[in-house]
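A closer look at the structure
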Amino acid sequence: MTGIYATRIYVTAENRTEQFVQHLTEHQSRLYGYVYSLLGNHSRASDVVQETNLVLWRKIDEYDPAKPFSSWAFGIARYQVLSSLRDQGRERVLVDSELAEQLSGILEVEMDRLDDYRTPLRHCLARLDEEHRALIHQRYFREQSIADIAAALGRTSGAVKVALTRVRQKLFRCVSEQLNLNEL
Amino acid sequence: MCLRTIESERTVNNPFEELEGLLSEWEAGTLDDRGVERFREILRDDEAARVHFARLQTFNMVLMSEAGSGESMAMPTQTQSRAVPETVAKTAESSVGASTSEIANVPDRSARVLAFVVGALAASLLVAAFLWRPGRDAAFAGTDERPSATSVDEGNAPASEPSSRGVAMVTQLVGVNSHADGRALTTGQALVPGDFEIERGLVQIEFFCGATVVLEGPAQLELVTSDLARLSHGKLRAQVPPAAQGFTIEADDLRVVDLGTEFGVAVSADGADVEVFDGEVEVHHANDPARLLEKGDAVMHDRGGSFEKATARPDRFVDIESFHQQVSTRQSNRFEAWKRWSESFRKDPRLIAYYDFDDPGRWNRRLPCRIEPVNRGLDGAIVGAVPSKGRWDDKSSLEFKHPGDRVRVSIPGEYRSLSFSAWVRIDSLDRWYNSLFLTDEYNEGEPHWQILDTGQLYFSVRKQGAGTGTNNKRKVLSPVFWEPSLSGKWLHLSTTYDVDQCVVRHYLNGELLHEQSIPPDQVATTTRFGPSTIGNWTRPNRPDLDFAIRNLNGSIDEFAIFSEALSASEIQEMYDHGKP
């Protein structure tokens, strides 16, 4: 009896770790999106997400598989963001601490739905004209600067910026429609 | 590109447009302090604006990760993709055994952002990570090329269709040492309108109208259109099948219009010479009535302007058959030389895998790995792709055409630095990503080697955790090396990944094309492959997503991977021994 019992406990602990890692990895995009939205700076957001991961890992004992992982993770991320905003130094930030508090709840809700956006986005990307899709590709995959894209197209940076903003808006409208966001 | 406005979104006074504009400015780094203040003001006072902001950011996040990663983007293709028969998909699965379906894979791309945990915390987690089973089973293994409903969008034709100015193509060469467009002339090269000159040797040019011309050096030919060329000096022999009737050669002030035939034209200091070996041609001169020449007829038009009848002397002009004889003699010499070199090459202890594709059996679906000592476990499984002509007539290559075409390989082991080498004939770059060699997964230390639709060579090795998003400095893109005029031409591509020097180098035809350092923290010092694909991408199960189509449109004739970064001179040597 003791033997079986011990084995069962062992398996359970292992499953718990597995589950934790699975949740953590699944939540990386959401956490990054949440943190980036509040910090508005990619390299800082990367750092804060890593810190958040570390904290979550250290607190694995507090992790309760029966409860939603995301609210736990977002709670810790929120704390990390706020302390990062406090230590911002002279770096410019888009959102101040007060607004970050105001935004964090709704960001949690929306970022939690992040995976729902993927398929509609693909459909919407497919609906774009070739040229607009190329623009998105150049900007987000090639990571070309707006100035480089403009130079390649023989356009002004301003024109490319406007075009990119419009393509993005168009995509966003399209995704929103598919998700029925406006009716929620 | 046409940067026009999009009417449907110009809704009147959209309350969130200002917010979106401010956010864009912030991301572009051009938002001033007043803008920041305005941004905060909007959000502070308006609950709906906050919701909108959260959605917009969620959308942006997905856009960045989908469009920005490259790894997970199954972008629609320009050309309509063909469905892959189920049998092909099944072959793909069975030919690699159960390996693809048994590899645990993570259900979401974000799940691969695991490095921080793996690297910094506990190795046991890595084990845990690999113990997962995806929510659904791997029912789609090997079918990633299945076109998605979204990949066809008939409503939107490309604004400008890519075009090549080519009018003809070089199909055979003997003893020619010339350049066209600043490049050494090789077979398969498309020729654009303009002067074409050879000092010596013979070149066979096929015009896109269907006429074939053998030009004998020294000669100068101006290509005008796909059915018109001007011979300034030298000799040519033209063979014109019925479909290409009307093909015209201008020689001096003569116009030689073909009526379905084989004829020769020579231009020298003395004048122009037209001889008909078969069929009929019309010779036009100024306002004279057209002269009809029949088989065996010849005219000589001298500089003084007089015509003189003569008899055709076909042996003056190299005929296509004996030309081919010369070509094949020379070819088999080179082919034999390459074979001898390949015998010793395959014993190089640094070779991880080497496929020479020299196995013409149409239905032999096994691609032998040629490394010595022999290791059958490294043999590849051919799916879909069929043998086709290689660099030399007597050598075969494997042609990748359909979205399902691929070679599956499974390469065990762990390595450090790597080199890739391949002889590739690219017919066109149809996909955003045109695969040379891709591991199924894109985990720590796994390389992806491909060509972008822009004609840039692209190499990356996954290093988890470091450099996410815009800090990713691992993507190494060469300058544009391919354009449609190179279509059909055999190219030697090579890329070295040096983990000690933290540098990636791309080579084209033995010459350095691009060199780029990678931040040391983004270099994966341990590299590995596992289940991988040549000429396509076999993605692990991704139930929620559309499928990426990354098949190469072209042929591969030799492919090698080394466990070391080869030196520039070694790559030059491979090119020299392998060039057609």
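Residues numbered from 1 in each chain as written. Chains lettered and ligands numbered in written order. Predicted model: local features only at pLDDT ≥ 70, side-chain atom pairs only at ≥ 80, totals over all residues. Heavy atoms only, no water.

Quick word on the overall build of chain A
Note the threshold: We count a stretch as a helix when DSSP gives it H or I for four or more residues in a row; a strand needs E for two or more, and each element gets its number in order from the N terminus. When a residue's accessible area, from a 1.4 Å probe over protein chains only, is under 20% of the maximum for its type it is buried; when over 50% it is exposed; and in between it is partly exposed. The criterion used for residue contact is that any of the two residues' heavy atoms lie within 4.5 Å. Note on areas: Shrake-Rupley with a 1.4 Å probe; residue coverage comes only from the protein chains shown.
Secondary structure summary: chain A contains 9 helices and 0 strands in total. Counting from the amino terminus, chain A carries its helices and strands in the arrangement α-α-α-α-α-α-α-α-α. In chain A, which comprises 184 residues, the share counted as buried stands at 54%. The contacts in chain A between residues at least 6 apart in sequence include a share of 66% that link residues at least 24 apart. Carbon and sulfur atoms make up 51% of the accessible area of chain A, which amounts to about 8,400 Å² in all.

Digging into the sheet that holds strand β16 (residues 366-367) of chain B
Residue and element names in this part refer to chain B. To keep things clear, this is the line we draw: DSSP bridges decide pairing: two strands pair if at least two such bridges lie between them.
Across the sheet, which stays open at both edges, the 8 strands sit in the order β16-β17-β20-β29-β22-β23-β24-β25 with antiparallel pairing between neighbours. Edge positions in the sheet fall to β16 and β25 (476-480), since each has one partner strand and no second. Looking at chain direction, strand β17 (residues 380-383) and strand β20 (residues 406-415) are connected through 3 bridges and run antiparallel. Note on β20: the bridge partner recorded for I382 is V407.

A look at unusual backbone geometry
Residue and element names in this part refer to chain B. Residue P218 is bonded to the preceding G217 through a cis peptide linkage, with omega at 0°. Checked against the element boundaries, P218 lands in strand β7 (residues 212-225). Backbone torsion omega between E372 and P373 reads -5°, so that peptide bond is classified as cis. Counting through the fold element by element, P373 comes out in the loop between β16 and β17. Notably, D252 is not glycine yet its phi reads approximately 50°, a positive angle. By secondary structure assignment, the location of D252 is in the loop between β9 (248-251) and β10 (254-268). In the Ramachandran plot, C502 falls in the positive-phi region, its phi being about 55° despite a non-glycine side chain.

Let's talk about the nonpolar core
Just so we agree on the cut-off: To define a nonpolar core, start from buried Ala, Val, Leu, Ile, Met, Phe, Trp, Tyr and Cys residues and group those joined through side-chain atoms within 4.5 Å.
In terms of nonpolar packing, the biggest core is built from 75 residues, with F20(A), Y34(A), V35(A), L103(A), I136(A), L171(A) and F39(B) touching the most fellow members. Residues L429(B), V461(B), Y497(B) and F559(B) belong to the second largest nonpolar core, which totals 61 residues.

Overview of the packing of aromatic side chains
Residue and element names in this part refer to chain B. Rules: Pairing of aromatic rings covers Phe, Tyr and Trp, the last through its six-membered ring, and needs centres within 6.5 Å; plane angles under 30 degrees mean stacked, over 60 mean edge-to-face, and all others mean tilted. Whether a charge sits over a ring depends on NZ of Lys or CZ of Arg being within 6 Å of the ring centre and within 35 degrees of the ring normal.
This structure, assessed with the given rule, holds 23 aromatic pairs over all chains. Ring geometry for W338 against W392: centres 5.6 Å apart, planes inclined by 40°, an arrangement best described as tilted. Taken together, the residues span a long stretch of sequence, with W338 in helix α8 (residues 320-345) and W392 in the loop between β18 (386-389) and β19 (396-400) at a distance of 54 residues. Note on W338: relative accessible area 1%, which makes it buried. Relative accessible area serves as the criterion here: at 2%, W392 is assigned to the buried category. When the centroid spacing of 5.6 Å and the interplanar angle of 25° are considered together, the rings of F437 and F559 count as stacked. Remark: F559 occurs in strand β30 (residues 553-562) and F437 occurs in strand β22 (residues 433-439); sequence separation between them is 122 residues. Across the pair, F559 and F437 agree in class, each one buried. Following the ring pairs from residue to residue traces out a cluster consisting of Y415, F420, F437, W449, F459, Y497, F529 and F559. Residue placement shows K235 over the ring face of F317; its charged tip is 5.8 Å from the ring centre. Over the ring of F307 we find R291; its NZ or CZ atom is 3.7 Å from the centre of that ring.

Observations regarding the confidence of the model for chain B
Residue and element names in this part refer to chain B. To keep it simple, the criterion reads: The predictor attaches a confidence to each residue, called pLDDT, with possible values from 0 through 100.
For chain B, per-residue confidence averages 76 on the pLDDT scale, and residues scoring 70 or more make up 75% of the total. Low pLDDT (under 50) marks residues 69-163, which in the prediction has 184 contacts with non-local residues, meaning those over four places away or in another chain. Counting contacts from residues 542-547, a segment whose pLDDT is below 50, to residues more than four positions away or on other chains yields 20 contacts.

Focus: the packing of helix α2 (residues 28-39) of chain A against helix α4 (residues 69-86) of chain A
Residue and element names in this part refer to chain A. Counted only if it meets this: Helix axes are fitted only over the stretch in contact, all axes being lines through C-alpha atoms; the angle between N-to-C directions runs from 0 to 180 degrees. Small angles under 35 degrees read as roughly parallel and large ones over 145 as roughly antiparallel, with 65 to 115 read as roughly perpendicular and the rest as oblique. A clockwise turn of the near helix away from the far one marks a right-handed crossing, whereas an anticlockwise turn of less than a right angle marks a left-handed crossing. Just so you know the grouping, Ala, Val, Leu, Ile, Met, Phe, Trp, Tyr, Cys and Pro go in nonpolar, Asp, Glu, Lys and Arg go in charged, and all remaining residues, Gly too, go in polar.
Running from N to C, α2 and α4 cross one another at 30°; their axes reach a closest spacing of 10 Å. By the angle class used here, α2 and α4 are roughly parallel. Between α2 and α4 lies a crossing of right-handed hand. For the pair formed by α2 and α4, the contact residues are R30, L31, Y34, V35, L38 and L39 on the first element and A73, F74, A77, R78, V81, S84 and L85 on the second. Taken together, the residues that form the contact of α2 with α4 break down as 10 nonpolar, 1 polar and 2 charged.

Things to note about the state of the cysteines
All names here are of chain A. Note the threshold: For this text, the term disulfide refers to a pair of cysteine sulfurs within 2.5 Å.
Going through the model one piece at a time under the given rule, you end up with 1 disulfide over all chains. In this model, C124 is linked to C174 through a disulfide, with the two sulfur atoms separated by 2.1 Å. The S-S bond linking C124 to C174 shows a torsion near -85°; that makes this disulfide left-handed. Here the residue C124 occupies a position in helix α6 (residues 114-127), and C174 occupies one in helix α9 (residues 157-179), the gap between them amounting to 50 residues. C174 matches C124 in its accessibility class, with the two residues each being buried.

Some points on the packing of α4(A) against helix α5 (residues 97-111) of chain A
Two quantities define a packed helix pair, namely the angle between the helix axes and the distance between the axes. Residue and element names in this part refer to chain A. Running from N to C, α4 and α5 point in directions that differ by 150°, and their axes come no closer than 11 Å. Put simply, α4 runs roughly antiparallel to α5. Where α4 crosses over α5, the two elements pack in a sense that is right-handed. Along the contact surface, α4 presents F74, R78, L82 and L85, while α5 presents S97, A100, E101, S104, E108 and M111. Here the residues of the contact of α4 with α5 sort into 5 nonpolar, 2 polar and 3 charged.

Section: the pairing of strand β8 (residues 228-240) of chain B
All names here are of chain B. Pairing of β7 with β8 involves 10 bridges; the strand directions are antiparallel. Bridging from a neighbouring strand, E216 pairs with K235 of β8. In sequence, β7 turns back onto β8 through a hairpin of 2 residues. Taken together, the 4 bridges between β8 and β9 define a ladder with parallel strand orientation. Opposite L228, over in β9, you have T248 as the bridge partner. Pairing of β8 with β10, which is carried by 7 bridges, proceeds in the antiparallel orientation. Within β10, the position partnered with R237 by the bridge is G264.

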